[in-house]
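# Commentary on secondary and tertiary structure
Here is how the chains run, residue by residue.
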Amino acid sequence: MLVNHEQYRTIWPNFEHAQPCVEIIDQTKLPHVFEVASLTTLAQMIVAIKTMQVRGAPLIGAAAAYGIALSTLDSCADRHLQQSAEQLIASRPTAVNLRWAVQRMLSALLRLPDAQRQSAAWAEAALICDEDVQLNQAIGKHGLTLIHAQHQQKARTINILTHCNAGWLATVDFGTALAPIYAAHNAGIHVHVWVGETRPRNQGASLTAWELGQHGVPHTVISDNAGGHLMQQGQVDMVIVGADRVTAAGDVCNKIGTYLKALAAFDSVALGHHVPFYAAVPSPTIDWNIEDGVKSIEIEERDAEELSWMSGKLSDGTIASVNILPHGTQVANPAFDVTPARLVTGIITERGVFTPQQLRTMQR
Ligand SMILES: CSC[C@@H](O)[C@@H](O)C(=O)COP(=O)(O)O
């Protein structure tokens, strides 16, 4: 997608130097600074995933695949690759794409002789990235039909609420939840996006607002707590979010606060303006091994400092962090929540839009 009118992906390999490296857009610097970071080791990739220089379920998967490629620069022995895989899988527990990508890399590499593994690793990681782009384009196409239908019916701007960042920055390109929005905007349908700021890390305010702005999509940032009110007032036509994991039964695990949006959308039925709640997910985000997301998905608990400190740009242009809590205050910081399938209208995938009950037919 576009950054200052130039095409970018979020991650790409660079073979121009003696030592190959992986380049990423450092998302901890956005929206104020656009910076590309070069990673040369598995350890650096693990830090990038943990500190959220790269984040978003599909991008974490792609980053982990390149993490394995970087690790082949040290050794291609079975044990070394398996240990690298374990370290990567432990780096962020909730998004299933990470485990999926690492396992795919291992099964592609371990069946090859050691001498072929390094080049195969770079090729497989590149394939995972290219496939992610294709899946997201297909999600965009299927999601576009939903927005188009709303537009046909209402003949006005369609207001879409999203949470966190499930745009191109969260994937290799195009995004999941934002892919249908970009497709609609590109097709000339007037869309407007309500962007929940997404405390504590503000991925909505910092990342979603930034990328929508770069692409010229009209949007308004709201506090996380405003979503329910806007739905009650009939100012939201649909909710589209991404997911870190969707269960076989259609439970949707996504950024903390998603569940509250789904509850408000569900309640809007009683007010006569039903707001449908959609999750947009590529198939690697579906965990077919589990049914009950509330019971089975490990919810990542992140550092207390994400809540107690806020960073931003001061009026003199410097980037700074400030502490907003009384000294010694106890903090809990669960990073994700689970929206039960009964609150989910549909799941937008690369294969089409499914109700939670229909989701299993995707496996056939
Ligand atoms: C297409 S990304 C889907 C999800 O990964 C996204 O909505 C989200 O919750 C990201 O969380 P993050 O903690 O920023 O990695």
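By the naming in an unreviewed UniProt entry, the protein chain is Methylthioribose-1-phosphate isomerase, taken from Methylotenera oryzisoli.

## A look at the overall build of the protein chain
For the protein chain, the helix and strand inventory stands at eleven helices and 18 strands. Against the 2.2 N^0.38 benchmark of 21 Å for 364 residues, the protein chain shows a C-alpha radius of gyration of 20 Å, consistent with a compact globule. Across its three principal axes, the protein chain shows a C-alpha extent of roughly 65 × 55 × 45 Å. Split into buried and exposed, the 364 residues of the protein chain put 54% on the buried side. Contacts spanning at least 24 positions in sequence make up 74% of the contacts within the protein chain whose residues lie at least 6 apart.

## Considering the packing of helix α2 (residues 57-71) against helix α5 (residues 114-154)
Direction vectors running N to C along α2 and α5 enclose 170 degrees, while the axes themselves pass 8 Å from each other. As far as their axial angle goes, α5 and α2 are roughly antiparallel. Residues Pro58, Ala62, Ala65, Tyr66, Ala69 and Leu70 of α2 form the contact with α5, whose own contacting residues are Ala121, Trp122, Ala125, Ala126, Ile128, Cys129 and Asp132. Here the residues of the contact of α2 with α5 are counted per class, giving twelve nonpolar, no polar and one charged.

## Points about the state of the cysteines
As used here, a disulfide is simply a covalent bond connecting the sulfur atoms of two cysteines. Taken as a whole, this structure holds zero disulfides when the rule is applied. The thiol of Cys21 is not disulfide-bonded; the next cysteine sulfur, from Cys129, is found 14 Å away.

## Digging into the domain arrangement of the protein chain
Interface size is commonly expressed as the accessible surface area that is lost when the partners come together. The domains assigned to the protein chain are domain 1 (2-131) and domain 2 (139-363). The straight-line distance from the C-alpha centre of domain 1 to that of domain 2 is 25 Å. Taken together, the contact between domain 1 and domain 2 spans 32 residues of the former and 37 residues of the latter. Across the domain 1/domain 2 interface, buried area totals approximately 2,800 Å², and carbon plus sulfur atoms make up 56% of it. Our count for the domain 1 to domain 2 interface comes out at two salt bridges. Inspection of the region where domain 1 meets domain 2 yields 15 residue pairs in polar contact (both at pLDDT 80 or more). Those elements that place two or more of their residues in the side of domain 1 that touches domain 2 are β1 (2-3), α2 and α4 (96-109). Partitioned by chemical class, the residues of the side of domain 1 that touches domain 2 number 18 nonpolar, nine polar and five charged.

Rules behind the numbers
Residues numbered from 1 in each chain as written. Predicted model: local features only at pLDDT ≥ 70, side-chain atom pairs only at ≥ 80, totals over all residues. Heavy atoms only, no water. Helix = DSSP H or I, 4+ residues; strand = E, 2+ residues; numbered from the N terminus. Rg over C-alpha atoms; globule rule 2.2 N^0.38 Å. Buried < 20%, exposed > 50% of the residue type's maximum accessible area, 1.4 Å probe, protein only. Contact = heavy atoms within 4.5 Å. Axes fitted to C-alpha atoms, helices over the stretch in contact; angles between N-to-C directions. Parallel < 35°, antiparallel > 145°, perpendicular 65-115°, else oblique. Nonpolar A, V, L, I, M, F, W, Y, C, P; charged D, E, K, R; others polar. Disulfide = S-S within 2.5 Å. Domains from an automatic or database assignment. Buried area = accessible area lost by both parts, 1.4 Å probe. Salt bridge = Lys/Arg side-chain N within 4 Å of Asp/Glu carboxyl O. Polar contact = N/O pair within 3.5 Å; in protein donor to acceptor, adjacent residues only side chain to side chain.

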